[in-house]
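Observations on the three-dimensional arrangement
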Amino acid sequence: MKYIFNIQRLYLLLVLPFTLTTLQPTQAQKLYHPAQDLGELFEQVQLQRVFPDSKTFPDCTPLAAPDVILQAYQQQKQQPGFNLKAFILEHFELPPQPATGFTTDSSHSVTQHIERLWPILTRQPGVDKGSLIPLPHAYIVPGGRFREIYYWDSFFTMLGLQASKHTDLIQSMVDNFTHLINTVGHIPNGNRTYYLSRSQPPFYALMLRVLAQQKGREVLQKYAPALQKEYDFWMMGAETLSVANPAYRRVVRMPDGSILNRYWDDSPAPRPESYLEDVELAKHSNRLPQEVYRDIRAAAESGWDFSTRWFADGQNISTIQTTNIIPVDLNALLYHMELMLQEMAVLGGNRDEARKYEKLAKARRDAVLKYNWSEKDGFFYDYNIKTQSITNIPSLAAVYPLYFNMVKRKHAKSVAEKIQNDFLRPGGVVTTLNKSGQQWDAPNGWAPLQWLTIQALQNYGYKDLAEDIAQSWALLNNEVYLATGKLMEKYNVENITLEAGGGEYPNQDGFGWTNGVLLRLLSQYPNLYKQTEKEATLQEN
């Protein structure tokens, strides 16, 4: 326990000042960091599991200054009959559960249900309290325990807002993310202070593309400075890499001198929102706790928390090694960001800048093909910089190069065949082929990966396979909705009679990106829209 507290002090001394240097001074002073500000009290609440969900306490709002509460705790904890939970309930306000009064109307189709959910999942700007970082505009939250925005979730939510013609909300969400870039230096995992040390898959450029589809390409120029800052965050330290020092934060110098990216987190401490889980994992891993914590946090930055694609033995989370992995999906996203920066430079009349980013994008594509492509398997894998070899763990991350049109038809053909032969299930496509108990593995399917796979296959002419996946996924979503009145965070695509499982928390309903992807697919495939409407009518009768 003493050791854990020292880790938090190490964070205070080394990591937190680095994180806060990108903040405006007045904002930095106002931010509340639960784990750092409460120290021992925070640890005890989490280690004693005062709340069943570890995320609850970091989301609580202190009713007095943290140092005042901490002083009261130090005075009272030795007293006979001291009750930690009673103390917390006296000094903190629990996270709000919006009283929406929303109930599912069984006469509504799934499309009507989603349209009714948008205002329920919308949060207005206001006086944000506790660990919540204030935002200037309205935004959509995923739902359930996720009471804040999340970076990559929001892109897939925007797809549904686009289908619903809510351009105003798309604009607001883009402006919120731009605000975060300009105030904290990057887009964090979510708008909580405990997420500041990490980001999530960089979908900001794709959000700008959605906005440009609604308002015209000219709007891109307005956001060019913010996208440049976002790119600089991911590439920080690239110019310092050498043979002797090949990795720094999110950039890695490959053996041939090319630069690729990995996921990272600046903190070597347990995640505040999963504190006990991380401490227990590190304790039983037979590894240095700092290494485990950073690899866990880096996997959280990936959005795939957790999956066997990050495990050294392909089975056990105790072997997690995210910082050794060059992920194919992350580098495809950064390839697209480089192309977007090139496009913005062209719009701004800056030819030299345009040529610079065109060259960077080409170099990244060549490096992905060199390090992430398996000629033997005809498939994209992650690359392990420690073993200097591909991981051989098949996952849907392989569709990203197709989604961004990075590869030739021979690559696409091979990937499409493997998707059809190995990943296709009755309810859509499965995330990986491993059944590990982790939520980003079999038998689970996730809305963002369905969307990316469908569009990737469409890009290379595999329209029938794409439509098969869209139909399987949409009908599964609809069947669960008709049976439960809910849309879920994730689904069991192998046995569509069972609920999805795995993860550190129960399956959540709501749910932002499921709503967004389903609505967009129903608009893309009119026959699916008609089928869900028909099933809703039959259900009502």
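Right above here is the structure, for reference.
Residues numbered from 1 in each chain as written. Predicted model: local features only at pLDDT ≥ 70, side-chain atom pairs only at ≥ 80, totals over all residues. Heavy atoms only, no water.

A few words now on the overall build of the protein. What the protein contains, in helices and strands, is 21 helices and 16 strands. Relative to the 2.2 N^0.38 estimate, which gives 24 Å for 541 residues, the radius of gyration of the protein is 23 Å and therefore close to what a compact globule would have. By residue count, 58% of the 541 residues in the protein fall in the buried class. In the protein, of all internal contacts separated by at least 6 residues, the share reaching a separation of at least 24 is 68%. Summing over all exposed atoms, the protein offers an accessible surface of approximately 21,300 Å²; the carbon and sulfur share of this is 51%. Charge centroids of the protein, computed over 53 positive and 56 negative side chains, lie 4 Å from each other. (Helix = DSSP H or I, 4+ residues; strand = E, 2+ residues; numbered from the N terminus. Rg over C-alpha atoms; globule rule 2.2 N^0.38 Å. Buried < 20%, exposed > 50% of the residue type's maximum accessible area, 1.4 Å probe, protein only. Contact = heavy atoms within 4.5 Å. Areas by Shrake-Rupley, 256 points an atom, 1.4 Å probe, with all protein chains shown as cover. Lys, Arg positive; Asp, Glu negative; His and termini not counted. Charge placed at Lys NZ, Arg CZ, Asp CG, Glu CD.)

Core analysis: the biggest nonpolar cluster contains 162 residues, and Leu41, Phe156, Tyr204 and Tyr400 have the highest contact counts within it. Apart from the residues within four sequence positions on either side, Phe156 is in contact with Phe203, Pro448, Trp451, Leu452, Trp513, Gly516 and Val517. (Core = buried A, V, L, I, M, F, W, Y, C linked by side-chain atoms within 4.5 Å.)

Further remarks concern unusual backbone geometry. At the junction of Asp305 and Phe306, the peptide bond is cis and its omega measures out at 10° in the coordinates. Here Phe306 lies in the loop between helix H13 (289-302) and strand E8 (325-326). Note that the residue after Ala442, namely Pro443, is joined by a cis bond; omega there is 10°. Among the secondary structure elements, Pro443 is positioned in the loop between strand E14 (428-429) and strand E15 (444-446). With phi around 60°, Asn286 is a residue other than glycine that occupies positive phi space. Relative to the helices and strands, Asn286 is located in the loop between helix H12 (275-283) and H13. Backbone geometry places Asn405, a non-glycine residue, at a positive phi of 55°. Tracing the backbone shows Asn405 in the loop between helix H16 (400-403) and helix H17 (409-423).

This part is about the pattern of salt bridges. Two side chains that carry opposite charge are able to pair once their charged atoms sit near each other. Taken as a whole, this structure holds 31 salt bridges when the rule is applied. A salt bridge links Arg147 to Asp59; its shortest N-O distance comes to 2.8 Å. Pair noted here: Arg147 is in the loop between strand E4 (139-140) and helix H8 (151-163) and Asp59 is in the loop between helix H4 (40-47) and strand E1 (61-62), with a separation of 88 residues, a long-range link. One salt bridge in this structure joins Glu489 and Lys490, with 3.3 Å as the shortest N-O distance. As far as burial versus exposure is concerned, Glu489 and Lys490 are alike and both buried. Several salt bridges share partner residues, and in doing so they unite Lys55, Asp59, Arg147, Glu148 and Arg192 into one network. (Salt bridge = Lys/Arg side-chain N within 4 Å of Asp/Glu carboxyl O.)

The next subject is the packing of aromatic side chains. Counted according to the given criterion, the structure contains 34 aromatic pairs. Between Tyr403 and Phe404, the aromatic rings sit 5.0 Å apart at their centres with planes inclined by 90°, giving edge-to-face as the arrangement. For the residue pair Tyr403 and Phe404, the accessibility class agrees, reading buried in each case. The rings of Trp152, Phe155, Phe156, Phe203, Trp304, Trp440, Trp446 and Trp513 are connected pair by pair, giving a single aromatic cluster. Between Arg250 and the ring centre of Trp234, over which it is positioned, the NZ or CZ distance is 5.7 Å. (Phe/Tyr/Trp six-rings, centres within 6.5 Å; stacked < 30°, edge-to-face > 60°. Lys NZ or Arg CZ within 6 Å of the ring centre and 35° of its normal.)

Purely geometric numbers; function is a separate question.
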